[in-house]
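Commentary on secondary and tertiary structure
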Amino acid sequence: MLAIIGGSGLTRLSSLDVSHREVVRTPYGEPSGPLTFGNICGQPAIFLARHGYGHTIPPHEVNYRANLWALKAKKATAIISVASVGSIRADLHPGDLVLPDQIIDYTWGRHSTFHEGPGCTVTHVDFTHPYERPLVEQILQAAQGVGEAVKDGAVYAATQGPRLETAAEINRLERDGADVVGMTGMPEAVLARELHLPYAAINVVVNYGAGRGDSAEAIHFESVTQVLQEAMVRVRRVVERLVCNYAATHSQEGAGQ
Ligand code: HPA
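Residues numbered from 1 in each chain as written. Predicted model: local features only at pLDDT ≥ 70, side-chain atom pairs only at ≥ 80, totals over all residues. Heavy atoms only, no water.

With respect to the state of the cysteines
As used here, a disulfide is simply a covalent bond connecting the sulfur atoms of two cysteines. Within this structure, the stated rule accounts for one disulfide. Covalently, Cys41 is tied to Cys244 through a disulfide, its sulfur atoms 1.9 Å apart. With a gap of 203 residues between them, Cys41 in the loop between strand 3 (35–40) and strand 4 (43–49) and Cys244 in helix 5 (residues 221–249) connect regions that are remote in the sequence. (Disulfide = S-S within 2.5 Å. Helix = DSSP H or I, 4+ residues; strand = E, 2+ residues; numbered from the N terminus.)

What follows is the structure in structure tokens.
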């Protein structure tokens, strides 16, 4: 069963025929909100709004461990992250949908592992390829199926936020090899890996990075919101098709859950 973690602009999945909501308690505290269970074209899926259903939890205060642990506990078998980003690479523009294939982590002070605390054995997970390629390919297939263009491959820079970057920071991220910048991709991706949950992301470009394009002087959030709303209509279409296809190809896995 696929789980979708929705970011800014995606606090619910309108096509999800909701069966119930469940508050899940975890050893790491509370997830961002109750998990929403339902069906899309008759196939089961779980939805969770990363920033809470009222969009009140900033990126650095999201309880990523509780979110991932809760989804795993409720039998999610893969995670699709939807998150907005700023563009650094010249060919990425507001409104574009991007499937990242790499991460550079600049966050700090977040709980970024399950392998800590009393009694834990030291564990180093492989994270060479942070996004699960077969899952990315299923997103590509779903996008193609509904006629939505997506760009395959980008290096995602995860910054701490909640403030946006300076122009010099965006230049530095570019020199580091980053193509897009967002605040929530880590530690979410690595926690999914630690739980052996295949993870892939759909990034929605909502603005040019600070100092670039129409963000040369400042990033204006009114236009960001508009781009976000328009793009999320397309993201929903892709996600809906993905859930239908995913369940169809994983019917054994979904059985009895
Ligand atoms: N920087 C960081 N995170 C973001 C941005 C940005 O410009 N846009 C959307 N999320």
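Observations concerning helix 4 (residues 185–194)
Taking burial as the measure, the 10 residues of helix 4 include 10 buried ones, the bulk of the element. Considered for burial, the residues of helix 4 that qualify are Gly185, Met186, Pro187, Glu188, Ala189, Val190, Leu191, Ala192, Arg193 and Glu194. Contacts made by the buried residues of helix 4 are with strand 1 (2–6), helix 1 (64–73), strand 5 (78–87), strand 7 (102–105), strand 9 (155–158) and strand 11 (199–208). Positive backbone phi, approximately 60°, marks His196, located one or two places after helix 4. (Buried < 20%, exposed > 50% of the residue type's maximum accessible area, 1.4 Å probe, protein only. Contact = heavy atoms within 4.5 Å.)

Things to note about the nonpolar core
Within the largest apolar cluster, 81 residues are counted, with the highest numbers of intra-cluster contacts made by Ile4, Leu68, Leu71 and Ile80. The greatest single-element share of this core, amounting to 11 residues, is contributed by helix 5. Setting aside residues up to four positions removed in sequence, Leu71 forms contacts with Ala3, Ile5, Leu35, Ile46, Leu48, Ala76 and Ile79. (Core = buried A, V, L, I, M, F, W, Y, C linked by side-chain atoms within 4.5 Å.)

Examining the UniProt feature "site: Important for substrate specificity" (unreviewed entry) in the protein
Per the UniProt annotation, the sites labelled "site: Important for substrate specificity" (unreviewed entry) are Glu165 and Phe221. Maximum C-alpha separation among the annotated residues is 14.1 Å over a sequence range of 57 residues, consistent with a single clustered spot. Along the chain, Glu165 turns up in the loop between strand 9 and helix 3 (167–176). Residue classification places Glu165 among the buried residues on the basis of a relative accessible area of 13%. For Glu165, the contacting residues outside a window of four places in its chain are Thr159, Ile170, Val181 and Ala210. In terms of polar contacts, Glu165 uses its side chain to reach the side chain of Thr159, at 2.9 Å. Within the secondary structure, Phe221 is located in helix 5. Judged by its relative accessible area of 42%, Phe221 falls in the partly exposed class. (UniProt positions renumbered as here; feature names shortened; annotations may be inferred. Polar contact = N/O pair within 3.5 Å; in protein donor to acceptor, adjacent residues only side chain to side chain.)

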